[in-house]
Amino acid sequence: MPEGDPIPLGSTPAGRGVHQPLRLRAHGPVREMLAETSWRIDHLVAPLFVTAKRPAQPHAGLPALARRGVEATARMAETLHDGGVRAVLLFGIPSTKTPTGVGAADPKGPVPAAIRAIKERLPEMTVAADVCLCEYTDHGHCGILRDGRVDNELTLPRLAAAATSYAEAGADWVAPSAMADHQVASLRASLDMAGYRSTAILAYAAKFASAFYGPFRDVADSAPSLGDRRGYQLDPRNAREALRELELDTQEGADILMVKPALPYLDVIRRARDRSHLPLAAYQVSGEYAMIKAAASRGWVEEGRAVDEALTAIRRAGADLIVSYFSTDLALGGLRGR
Ligand code: PBG
């Protein structure tokens, strides 16, 4: 029956014993046969933090949020690949932060270096690079400030320059996450002009101003020093506005649309899936990862089952790809309970 049709209860004898859904739930093999949703490790994208400045730095309690140097990042990509992960998403932590975040486009920065190092070892790994200024600006905002606010027009060329330098280093996908208006169109035009027509754009189209980015900002040292991101990221109350952003990014030439965070926004993922024919990604963000890790470490939830359920729910809502820190835990075999 197509979704949305009324269930014709009145036309069948709906008596006790006629409708007995329990019949098909009783046996494990039948439950497997009838499972509507699944996820595989190759649906996952692993975020990795590449640092120029510090020595490799593990993260107490949140292993996937470790900061690694270029070579260690490439080795981690190999480990992920051995574990079945087919794509990584790189974030850079530069040695110096400046008002305009010029480091984002530095061809010698940590991200271009890591792209090259991964591609040398593993040409078949899909390498995506996050495109934003917040890790590179000294104020922590995602763009260039003018009169205390992010100036969209000043920001666009900086984002485009960063994306082009990642494409030049060999990135397969660039992923603009600054929530600047026209960022996808601006990246597409610059990439095409520089000859990178086959570099795809994974657009953070519907990115909400979320409390769940906390652990990421600690690791990337990118929390805004003044104010917050509500002047550019979406208001968590607004699903229609999110759909508008998804439409605009589609018109601007996005190859893959992304909704972020994932679990608190399953309704947005579902509505995006129902409206768009583009591949859809969802970002299970650092706070979503941290909540499961923290609860599991206290024995309050069974980690493997909680992760399986969360990833299943995100797929059920309609995501094709899931950016998830659990990629690392899964590839390293560190998840129990599945
Ligand atoms: C911005 C960016 C952020 C995340 C991904 N890209 C931080 C932010 O918007 O503050 C957060 C991801 C996460 O929490 O896992 N470059």
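Reference entry: report on the structure contained in this document. (Residues numbered from 1 in each chain as written. Predicted model: local features only at pLDDT ≥ 70, side-chain atom pairs only at ≥ 80, totals over all residues. Heavy atoms only, no water.)

1. Brief notes about the site of the ligand
As a matter of local geometry, the ligand sits amid 18 residues, with Lys 207, Arg 217, Lys 260, Ser 286 and Tyr 325 nearest to it. Between Ser 177 and the ligand, the recorded distance is 3.2 Å, taken from a side-chain N or O atom to a nitrogen atom. One of the side-chain nitrogen or oxygen atoms of Lys 260 is found 3.2 Å away from a nitrogen atom of the ligand. Coverage of the ligand by the protein chains reaches 100% of its 410 Å² of free accessible surface. Of all the cavities here, the one that holds the ligand is the largest cavity. Taken together, the residues of the shell around the ligand break down into nine nonpolar, three polar and six charged. (Near = heavy atom within 4 Å. Polar contact = N/O pair within 3.5 Å; in protein donor to acceptor, adjacent residues only side chain to side chain. Areas by Shrake-Rupley, 256 points an atom, 1.4 Å probe, with all protein chains shown as cover. 1 Å grid on protein atoms, 1.4 Å probe; cavity = no way out; pocket = protein on both sides within 12 Å on 5 of 7 lines; lining within 4 Å. Sits in = over half its atoms within 2 Å of the grid points. Nonpolar A, V, L, I, M, F, W, Y, C, P; charged D, E, K, R; others polar.)

2. Re the layout of surface pockets
Looking at the largest pocket, its volume works out to about 450 Å³. Lining the largest pocket are 23 residues, and of these Arg 149, Val 150, Asp 151, Gly 231 and Tyr 232 sit closest to its centre. The set of elements that each furnish at least two residues to the lining of the largest pocket consists of strand E5 (145–146), strand E6 (149–150) and helix H4 (152–169). By residue class, the composition of the lining of the largest pocket is eight nonpolar, nine polar and six charged. (Points joined across faces, edges and corners; volume = space filled by probe spheres on them. Helix = DSSP H or I, 4+ residues; strand = E, 2+ residues; numbered from the N terminus.)

3. Observations concerning the packing of helix H3 (residues 110–121) against H4
Taken N-terminus to C-terminus, the directions of H3 and H4 make an angle of 25°; their axes are 8 Å apart at the nearest point. Judged by the angle between their axes, H3 and H4 are roughly parallel. By crossing handedness, the relation of H3 to H4 is classed as right-handed. In this structure, H3 contributes Val 111, Pro 112, Ile 115 and Arg 116 to the contact, and H4 contributes Ser 165, Tyr 166, Glu 168 and Ala 169. (Axes fitted to C-alpha atoms, helices over the stretch in contact; angles between N-to-C directions. Parallel < 35°, antiparallel > 145°, perpendicular 65-115°, else oblique. Left-handed = near helix turned anticlockwise from the far one by under 90°. Contact = heavy atoms within 4.5 Å.)

4. Looking at the pattern of salt bridges
Oppositely charged side chains can pair when the atoms bearing their charge come close. Applying the stated rule across the entire model yields 15 salt bridges. The shortest N-O distance in the salt bridge between Arg 121 and Glu 78 comes to 3.0 Å. Highlighted residues: Arg 121 in helix H3 and Glu 78 in helix H2 (residues 70–82), separated in sequence by 43 residues. Measuring nitrogen to oxygen at the nearest pair gives 3.3 Å for the salt bridge that ties Asp 151 to Arg 146. On the accessibility criterion, Asp 151 (13% relative accessible area) is buried. Among the charged side chains, a network of salt bridges with common partners joins Arg 188, Asp 192, Arg 197 and Asp 255. (Salt bridge = Lys/Arg side-chain N within 4 Å of Asp/Glu carboxyl O. Buried < 20%, exposed > 50% of the residue type's maximum accessible area, 1.4 Å probe, protein only.)

Everything listed here is a matter of coordinates, which is why it stays silent on function.
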